[in-house]
Amino acid sequence: MTQAFDQQFSGRVVLVSGAAQGIGRTLMERLLHAGAHVAALDIDAKALALAAGTLNAGDRLSVHGVDVSDPAAVEHAVAAAETHHGRIDHLACVAGTLQMGRLLELSDAQWQNAFRVNTDGVFYLTRAVGKRMMTRREGSVVVVSSNAASTPRMSMGAYCASKAAATQMTRCLGLELAEYGIRCNVVSPGSTDTEMLHGMWQSPADRDTTLEGSLETYKAGIPLKRIAAPDDICEGILYLLSDSARHITLHDLRLDGGATLGQI
């Protein structure tokens, strides 16, 4: 992380959802390294506590086991975070779930769960934090979506649709909050070296298929010939949260190594 980022996040309060693993965990670690105070949320309270226990952050870190699809639990966690740290300056919605399966074969529960976490969870978090930011007329929000939000994918219809909804909702929120000086942006990763990606693979050959693409499933490969590290995605999140991006809002930053060919 650059010194400029260090200076910008020192003493700031950042709420991060999905902080127990993957991109969310890396973001939590990066922010603490930069001197931020972090309220970390995750549905897996045990994994979150284990991750937090390795960081020696003292009272700069609070952990909250919460299901983001439960609006009452979200409101309680946000209130608890502000009681512990003070006002929330930045929000990063990283929590998400992957639902695979062809659309006509999905159960009602599978379809609904994808939206409960990937869309409803973002709405509940941005609503709870956004209302507080409005009264102070400042703040920034970044929602982690996916490049699949704008690109059709075989056997990923529920995931694509729920992420597309979250992306457009965030942009609409940014429009509504602009007059209060609050910025709302989206980061859309492609294939990233996390547990979620590994869960999609069924054999060692699947890594090569991710890089090279598949004509059978109409999926392009990655022109840069590398899978993103969580740090690569966090760089984009940190930039858009920071004052360095003070004139950027409603933006969707694609971080996928060219996998969607620059498609907007």
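So, how was this worked out
- Residues numbered from 1 in each chain as written.
- Predicted model: local features only at pLDDT ≥ 70, side-chain atom pairs only at ≥ 80, totals over all residues.
- Heavy atoms only, no water.
- UniProt positions renumbered as here; feature names shortened; annotations may be inferred.
- Helix = DSSP H or I, 4+ residues; strand = E, 2+ residues; numbered from the N terminus.
- Rg over C-alpha atoms; globule rule 2.2 N^0.38 Å.
- Areas by Shrake-Rupley, 256 points an atom, 1.4 Å probe, with all protein chains shown as cover.
- Lys, Arg positive; Asp, Glu negative; His and termini not counted.
- Charge placed at Lys NZ, Arg CZ, Asp CG, Glu CD.
- Salt bridge = Lys/Arg side-chain N within 4 Å of Asp/Glu carboxyl O.
- Disulfide = S-S within 2.5 Å.
- Buried < 20%, exposed > 50% of the residue type's maximum accessible area, 1.4 Å probe, protein only.
- Axes fitted to C-alpha atoms, helices over the stretch in contact; angles between N-to-C directions.
- Parallel < 35°, antiparallel > 145°, perpendicular 65-115°, else oblique.
- Left-handed = near helix turned anticlockwise from the far one by under 90°.
- Contact = heavy atoms within 4.5 Å.
- Nonpolar A, V, L, I, M, F, W, Y, C, P; charged D, E, K, R; others polar.
- Polar contact = N/O pair within 3.5 Å; in protein donor to acceptor, adjacent residues only side chain to side chain.
- Pairing = 2+ DSSP bridges.
- Expected span 1.5 Å × (residues − 1).
- Bend = angle between axes of the 7 residues up to and from the residue.

The name an unreviewed UniProt entry assigns to the protein is 2,3-dihydro-2,3-dihydroxybenzoate dehydrogenase, from the organism Larsenimonas suaedae. Recorded under Sequence similarities (unreviewed entry), the UniProt text for the protein is reproduced unchanged: "Belongs to the short-chain dehydrogenases/reductases (SDR) family."

J.: Help me understand the overall build of the protein, please; the structure alone is not making it clear to me.
T.: For the protein, the helix and strand inventory stands at nine helices and nine strands. What you see for the protein is a C-alpha radius of gyration of 18 Å, in line with the 18 Å of a compact globule of 264 residues. Dimensions along the principal axes, computed over C-alpha positions, put the protein at roughly 50 × 40 × 40 Å. Of the roughly 12,500 Å² of accessible surface on the protein, 53% is carried by carbon and sulfur atoms. Of note, the protein has its 23 positive side-chain charges centred 4 Å away from the centre of its 28 negative side-chain charges.

J.: I would appreciate a short explanation of the pattern of salt bridges in the present structure.
T.: Opposite charge on two side chains permits pairing when their charged atoms draw close. Using the criterion set out here, one finds twelve salt bridges in the structure. Note that R25 is salt-bridged to E29, the shortest N-O span being 3.1 Å. Pair noted here: R25 and E29 are both in helix α2 (residues 22-33), with a separation of four residues, about one helical turn. A salt bridge links R132 to E82; its shortest N-O distance comes to 3.6 Å. Note that R132 is positioned in helix α5 (residues 108-136) and E82 in helix α4 (residues 71-85), a separation of 50 residues in sequence. It is possible to trace a salt-bridge network through shared partners that takes in E75, E82, R132 and R136.

J.: Which parts of the structure should I look at to understand the state of the cysteines?
T.: When the sulfur atoms of two cysteines share a covalent bond, that bond is a disulfide. A full pass over the atoms with the stated rule returns zero disulfides. Lacking any disulfide linkage, C93 is separated from the closest cysteine sulfur, that of C184, by 9.4 Å. A residue is classified by how much of its surface remains accessible, and C93, at 2% relative accessible area, is buried. Unpaired in terms of disulfides, C172 finds its nearest cysteine sulfur in C184, a separation of 11 Å. For C172, a relative accessible area of 40% puts it in the partly exposed group.

J.: Would you take a moment to explain the packing of α5 against helix α6 (residues 157-177) for this structure?
T.: Two measures define how a pair of helices packs: the angle their axes make with one another and the distance between the axes. At a minimum axis distance of 8 Å, the contact between α5 and α6 shows a crossing angle of 15 degrees. In terms of their interaxial angle, α5 and α6 are classed as roughly parallel. Crossing geometry of α5 relative to α6 is assigned as right-handed. Of the residues in α6, those in contact with W111, A114, F115, N118, T119, V122, F123, T126 and M134 of α5 are G157, A158, Y159, A161, S162, K163, A165, A166, M169, T170, L173 and L177. Partitioning the contact of α5 with α6 into residue classes produces 14 nonpolar, six polar and one charged.

J.: What's the story with the environment of T54 in this structure? I'm lost.
T.: One can find T54 in the loop between α3 (45-53) and β3 (61-65). Residues T54 and E29, spaced 25 residues apart in sequence, show a C-alpha to C-alpha distance of 9.9 Å. Of the polar contacts made by the side chain of T54, one reaches the backbone oxygen of A51; its length is 2.8 Å.

J.: Teacher, can you tell me more about the sheet that holds β3 here?
T.: Backbone-to-backbone hydrogen bonds pair the strands of a sheet. The strands run either parallel or antiparallel. The parallel open sheet is built from seven strands, whose spatial order is β3-β2-β1-β4-β5-β6-β9. One side of each edge strand has no neighbouring strand; the edge strands of this open sheet are β3 and β9 (252-255). Adjacent strand axes in the sheet meet at a mean angle of 15 degrees when their direction is disregarded. Relative to strand β5 (residues 139-144), strand β4 (residues 90-93) runs parallel, the two being bridged by four bridges. In the sheet register, C93 faces β5, and the bridge partner there is V143. Against the sheet, α5 engages β1 (13-17), β2 (37-42), β4, β5 and β6 (182-189), with an angle of about 175 degrees to β4.

J.: What is the right way to read the side chain of R183 from this model?
T.: Among the structural elements, R183 can be located in strand β6. Buried charge R183 goes without a salt bridge, the closest partner of opposite sign being D243 at 5.2 Å. Engagement of the side chain of R183 in a polar contact is seen with the backbone oxygen of S242, the distance being 2.9 Å. Leaving out residues up to four positions away in the same chain, R183 has contacts with G139, S140, V141, L240, L241, S242, A245, R246, H247, I248 and T249.

J.: Would you take a moment to explain α5 for this structure?
T.: Within an α-helix, residues lying three or four positions from one another point in the same direction, as the helix has 3.6 residues per turn. For α5, which comprises 29 residues, the first-to-last C-alpha distance of 41 Å matches the rise-based estimate of 42 Å (1.5 Å per residue) to within 8%. Where α5 bends most, at R116, the angle is about 40 degrees. At the C-terminal side of α5, R137 shows a positive phi close to 60 degrees.

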